[in-house]
Amino acid sequence: MLTTSESQESQQHQLGREGTKLAHRERHRSLSPEASVTHFMVDALAEAKEALKRGEVPVGCLFIRNGTIIASGGNEVNDTKNATRHAEMICIDKILQTAKDEDEDFRSVFPEISVVVTVEPCIMCLSALNQLKVREIIFGCVNDRFGGSTVLDVTQLLPPEERTPCKGGVRADEAMELLKTFYSGENPSAPVPKTRKTNKLSSK
Ligand SMILES: [Zn+2]
């Protein structure tokens, strides 16, 4: 498989002037300068810890627009008994509701949003974030069971100019520790399971 830069080069070769335009758009869809949004991971981890206290898989997510947190959330899968209520979806729904309330077109909001999430988004969430054209995604630890980059790179299904820049490894150890705490059933705040000793819920 071609790497991004190889495929860019080959597209430029094939497309000539069009390729130059493509490379220009790619530069516009690059990650923020290092540390401009990554420091928000501390707040995302706080959201993940709150989720852990509620007995949820500890994943926390923030949406940042112009240096300000405009949505935050943690997983609500167990509470709602809805397997799609991942932290990213909680934030997406908050933005959609706010845009509706303020009569703003959500399509113009998402491209200004940097997503900071403690765990690599799953295939569903990464696909949704790409379709909504968020500015970038910064995540903590890898999600080797459901990850939208690791298990199946959903961006490869899209043309290069539509791929959301995505970077992992920001405070990954802390995010992973929270997941380990959850899956080992050591969370002192978690409700006592009725039918099994350890919580083996597999959904993120
Ligand atoms: Zn997800």
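Residues numbered from 1 in each chain as written. Predicted model: local features only at pLDDT ≥ 70, side-chain atom pairs only at ≥ 80, totals over all residues.

Enquirer: So what's going on with the environment of Asp 43? Which residues, and what values?
Expert: Along the chain, Asp 43 falls in helix 3 (residues 41-53). Exposure remark for Asp 43: the 15 C-beta atoms within 10 Å place this residue in the partly exposed category. Asp 43 sits 26 residues away from Ile 69 along the chain, and the two C-alpha atoms are 9.5 Å apart. Those residues in contact with Asp 43, other than ones at most four positions away along the chain, are Leu 62 and Ile 69. (Helix = DSSP H or I, 4+ residues; strand = E, 2+ residues; numbered from the N terminus. Buried ≥ 20, exposed ≤ 12 C-beta atoms within 10 Å, placed from the backbone. Contact = placed C-beta atoms within 7 Å.)

Enquirer: So what's going on with the environment of Ala 175? Which residues, and what values?
Expert: Positionally, Ala 175 belongs in helix 8 (residues 172-183). For Ala 175, a count of 28 C-beta atoms within 10 Å gives the class buried. Residues in contact with Ala 175, not counting those within four places in the same chain, are Leu 45, Ala 48, Thr 118, Val 119, Gly 140 and Cys 141.

Enquirer: Tell me what's going on with the sheet that holds strand 3 (residues 113-119), and back it up with residues and numbers.
Expert: The sheet built from 5 strands is open, its strands ordered 2-1-3-4-5 with mixed pairing. The open sheet has two edge strands with one neighbour each: strand 2 (68-74) and strand 5 (166-167). Sheet topology note: the strand 1 (residues 60-65)/strand 2 ladder contains 6 bridges and is antiparallel. Bridge assignment links Gly 60 to a residue of strand 2, and that residue is Gly 74. Contacts between helix 8 and the sheet are confined to strand 3 and strand 4 (136-141), with strand 4 contributing the most and set at about 60 degrees to the helix. (Pairing = 2+ DSSP bridges. Axes fitted to C-alpha atoms, helices over the stretch in contact; angles between N-to-C directions.)

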